[in-house]
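# Structural description and commentary
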Amino acid sequence: MTSQAKNSSSVDHATSLSQRIAAHTARISIVGQGYVGLPLAVEFAQAGFPVTGLDTDPDRVATLASGRSPVRDVPSEQLQALLRAGRYNATTEPAILAESDAVIICVPTPLRKSKDPDISYVVAASKEAATRFRPGQLIILESTTYPGTTEELLLPLFQANGARVGEDVFLAFSPERIDPGNPTFKVKDIPKVVGGVTPACTRLAAALYGEIVPRVHQVSTPKVAELAKLYENVFRNVNIALANEFSLMCRYLGVDSREVIDAAATKPFGFMPFYPGPGIGGHCIPVDPLYLSWTMRLNGYEARFISLADDINRAMPAHVLTIVTEALNEVGRALKGTRILVLGVAYKRGIGDTRESPAFEIIASLRRKGAQVSYADPYVPTFLVDGTELKAVEPTQAELREAECVLILTDHPEFDYGAVARHGRLIVDTRHSVPEITDGRRRLVRL
Ligand SMILES: NC(=O)c1ccc[n+]([C@@H]2O[C@H](COP(=O)([O-])OP(=O)(O)OC[C@H]3O[C@@H](n4cnc5c(N)ncnc54)[C@H](O)[C@@H]3O)[C@@H](O)[C@H]2O)c1
């Protein structure tokens with residue numbers, strides 16, 4: 001092919017793709033229909049694009065196809081309306097990728113047992129797309145990953161299938177920043193960061209997201225975009241670790257850490273409050289920083305902040321166990337045989353996601369020490385700990401009264417904290433959600 005013919009074909013691909021994006025006729029496939037992929041698919045479908053959600057889990061696809069949303073941030077009624085309008089459908093069939101103008105990959109990026117990145121889902125999804133590559137496609141990776149993934153791992157897969165980046169395939173990284181359960185900031189409210197392999201890749205990816213979000217911030221390379229996401233989550237992880245360690249120091253000094261943090265937070269600049277808790281959880285904050293420290297280790301550099309924050313946060317469940325044990329000792333009770341009601345097992349308030357939740361370790365340790373543990377969580381009907389399935393109870397007055405210790409791990413808005421304060425005998429509150437107790441017969445211990 002002459003360079004003139006090559007240039008004109010790349011201009012054609014880029015032009016026709018940008019025209020289809022502007023007209024909202026570009027066919028979009030979103031690979032992975034979980035917490036990230038489904039809300040994104042719905043947002044594009046809502047904007048009028050024809051969208052297919054591709055997932056390897058047939059149960060999930062059947063649920064979606066029947067109009068039931070497994071993700072709380074997406075109401076089933078909204079999904080049903082989009083299915084009826086023919087703007088959204090779900091499938092397990094990867095053949096759809098060949099028919100797509102844009103493919104957005106939102107598959108999991110967990111850790112292996114060794115705490116190294118498990119990139120196998122990204123590789124599998126990318127191979128599916130690369131083997132079905134059709135000239136003129138825009139491919140975007142959204143999964144959080146180590147710096148270099150887009151150019152070092154995805155790009156060669158497409159090149160091996162004959163694709164020429166920036167000419168007949170357009171490849172970019174754009175991190176997902178959604179915060180599940182956050183009613184204020186949804187997909188459409190959060191600016192997107194986009195870094196393409198070439199300027200044309202960046203432009204096309206930015207044009208696509210520009211149709212659904214208020215602002216797109218373009219960066220020079222995919223690696224900058226990959227690192228921006230990791231920096232955001234390292235920032236949270238390190239600051240949560242600081243709040244956690246600070247709360248432990250305050251305990252030694254006999255001071256309520258929340259009172260100190262709230263006082264510091266009155267400074268209108270240069271301070272952002274983070275709050276202590278029983279540990280960190282979810283698919284992102286405990287996991288993503290380790291993707292960066294792994295990369296840095298390969299480069300002969302030890303990411304010390306990340307290691308220290310990880311150590312502190314992972315030690316929090318053991319501190320909670322100590323606090324519960326000491327609080328029971330003070331009222332003359334041992335853990336063994338004591339009834340403990342845990343409020344909240346999801347990793348954060350307002351959602352049912354239990355991935356990496358500190359509740360697993362805390363409940364397992366309490367049970368191993370002989371405590372009789374029950375739990376309440378309006379979002380989590382069953383909870384598997386050490387191979388035993390626990391069923392959620394209602395946190396009724398009777399349950400609160402009968403428990404010798406009420407342990408608050410997740411501050412779901414649905415809990416009646418006034419009732420907890422009135423009926424709980426001993427309350428260990430890791431989230432500072434129970435009001436001050438004046439009744440001398442009850443005891444409140446805060447993290
Ligand atoms: N959950 C969050 O709050 C959040 C926020 C920002 C970024 N992220 C990142 O987004 C990515 C996805 O996270 P998630 O929480 O949506 O995960 P999830 O587990 O909720 O969903 C992932 C989905 O991908 C499917 N899947 C796995 N391999 C597949 C394949 N090869 N082809 C098609 N489907 C496949 C799974 O069946 C699952 O339904 C991760 O990299 C995560 O770090 C998550």
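Now for a description of the structure that goes with this document. (Residues numbered from 1 in each chain as written. Predicted model: local features only at pLDDT ≥ 70, side-chain atom pairs only at ≥ 80, totals over all residues. Heavy atoms only, no water.)

## Notes on the pattern of salt bridges
Any two side chains of opposite charge can pair, so long as their charged atoms come close to each other. Inspection of the entire model under this criterion finds 28 salt bridges. Among the salt bridges present, the one from E152 reaches K223, with a minimum N-O distance of 3.9 Å. Taken together, the residues E152 in helix α6 (residues 149-160) and K223 in helix α8 (residues 222-253) connect sequence positions 71 residues apart. For K223, a relative accessible area of 36% puts it in the partly exposed group. A salt bridge links R443 to E330; the shortest N-O distance between them is 2.5 Å. With a gap of 113 residues between them, R443 in strand β15 (residues 443-446) and E330 in helix α11 (residues 304-330) connect regions that are remote in the sequence. Taking relative accessible area as the criterion, R443 reaches 31% and is therefore assigned partly exposed. (Salt bridge = Lys/Arg side-chain N within 4 Å of Asp/Glu carboxyl O. Helix = DSSP H or I, 4+ residues; strand = E, 2+ residues; numbered from the N terminus. Buried < 20%, exposed > 50% of the residue type's maximum accessible area, 1.4 Å probe, protein only.)

## Notes on the packing of α8 against helix α9 (residues 257-264)
The contact between α8 and α9 brings their axes to 9 Å, and the two run at 120°. Accordingly, the angle class assigned to the pair α8 and α9 is oblique. Contacts between α8 and α9 involve F246, S247 and C250 on the former and, on the latter, S257, V260 and I261. Residues belonging to the contact of α8 with α9 are distributed by class as follows: four nonpolar, two polar and no charged. (Axes fitted to C-alpha atoms, helices over the stretch in contact; angles between N-to-C directions. Parallel < 35°, antiparallel > 145°, perpendicular 65-115°, else oblique. Contact = heavy atoms within 4.5 Å. Nonpolar A, V, L, I, M, F, W, Y, C, P; charged D, E, K, R; others polar.)

## Things to note about the side chain of D353
The topology assignment puts D353 in the loop between β9 (339-343) and α12 (358-368). There is a polar contact of 3.0 Å between the side chain of D353 and the backbone nitrogen of R355. Setting aside residues up to four positions removed in sequence, D353 forms contacts with Y35, A346 and Y347. (Polar contact = N/O pair within 3.5 Å; in protein donor to acceptor, adjacent residues only side chain to side chain.)

## Notes on the site of the ligand
Inspection of the region around the ligand gives 26 residues, with V36, D55, T109, T144 and R355 positioned closest. Take T109: an N or O atom from its side chain is 2.6 Å from an oxygen atom of the ligand. At 3.1 Å from an oxygen atom of the ligand is found a side-chain nitrogen or oxygen belonging to R355. Contact with the protein chains hides 90% of the accessible area of the ligand, taken as 830 Å² for the molecule alone. Counted by class, the shell around the ligand contains twelve nonpolar, eight polar and six charged residues. (Near = heavy atom within 4 Å. Areas by Shrake-Rupley, 256 points an atom, 1.4 Å probe, with all protein chains shown as cover.)

## A closer look at the packing of helix α2 (residues 37-46) against helix α4 (residues 76-84)
For the pair α2 and α4, interaxial distance at closest approach is 11 Å and the crossing angle is 50°. Compared by their axis directions, α2 and α4 come out oblique. Our pair here, α2 against α4, has a crossing hand that is left-handed. The segment α2 lies against α4, with L38, V42, A45 and Q46 engaging Q78, L79 and L82. (Left-handed = near helix turned anticlockwise from the far one by under 90°.)

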